[in-house]
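The chain contents come next:
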Amino acid sequence: MATFSAEAIVTSPDKNTAMFLDVLFGGRMPHPVSSNYRYISVSANEWNSHTTLRVMRFTPQTVRQDATAQVKVTTGDNVGVAGIQNWVLKIERYNL
């Protein structure tokens, strides 16, 4: 399980955009798979704290698996300013 927390901002001249954020595990998307994980939408032009949780299940195998966590950030169209600061990525492992 990955928990990503940060202060974020996104602005747009037409007040209609967002920042999308996902955490990939070994280059694979966690569950449920989607391409629309909005992390922050346009707000009052100030920094706000946001958190997201993403979960990936790895089945036991005798072969080594790549579980490297990567944070993927993209923005929508017509972005004025977008940023992330004071971030933390916490990875937890649970045995089922």
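A quick note: this is a predicted structure, and the numbers were derived from the prediction, not measured.

Draft legend 1. Representation of the side chain of Thr3. On the secondary structure map, Thr3 appears in strand S1 (residues 2-10). The residues touching Thr3, leaving out its near neighbours within four places in the chain, are Thr51, Thr52, Leu53, Val88, Leu89, Lys90 and Glu92.

Draft legend 2. Highlighting the sheet that holds strand S5 (residues 69-75). Within the open sheet, the three strands sit side by side as S3-S2-S5. Their pairing is antiparallel. Looking at the sheet topology across the chains shown, the edges are occupied by strand S3 (38-41) and S5. Adjacent strand axes in the sheet meet at a mean angle of 20 degrees, parallel and antiparallel pairs treated alike. The pairing of strand S2 (residues 18-25) with S5 spans seven bridges and is classified as antiparallel.

Draft legend 3. Structural view of the environment of Gly26. Tracing the sequence through the fold places Gly26 in the loop between S2 and S3. Classification of Gly26 as partly exposed rests on a relative accessible area of 25%. Separated by 40 residues in the primary sequence, Gly26 and Asp66 place their C-alpha atoms 4.8 Å from one another.

Draft legend 4. Expanded view of the nonpolar core. Ala2, Phe4, Ala6, Ala8, Val10, Met19, Leu21, Val23, Phe25, Tyr39, Ile40 and Met56 together form the largest nonpolar core, which totals twelve residues. Among the elements of the structure, S1, S2 and S3 are those that each provide at least two residues to this core. In terms of residue count, the dominant contributor to this core is S1 (five residues). Discounting residues that sit within four places of it in the chain, Ala6 has contacts with Tyr39, Asn48, Ser49, His50, Ile84, Gln85, Asn86 and Trp87.

Draft legend 5. Expanded view of the sheet that holds strand S4 (residues 48-54). In spatial order, the strands read S4-S1-S6; together these three strands make up an open sheet with antiparallel pairing. The outermost strands of the open sheet, each flanked by one partner alone, are S4 and strand S6 (82-91). Strand-to-strand twist in this sheet, taken as the mean axis angle between neighbours without regard to direction, amounts to 20 degrees.

What counts, and where the lines are drawn
Residues numbered from 1 in each chain as written. Predicted model: local features only at pLDDT ≥ 70, side-chain atom pairs only at ≥ 80, totals over all residues. Heavy atoms only, no water. Helix = DSSP H or I, 4+ residues; strand = E, 2+ residues; numbered from the N terminus. Contact = heavy atoms within 4.5 Å. Pairing = 2+ DSSP bridges. Axes fitted to C-alpha atoms, helices over the stretch in contact; angles between N-to-C directions. Buried < 20%, exposed > 50% of the residue type's maximum accessible area, 1.4 Å probe, protein only. Core = buried A, V, L, I, M, F, W, Y, C linked by side-chain atoms within 4.5 Å.

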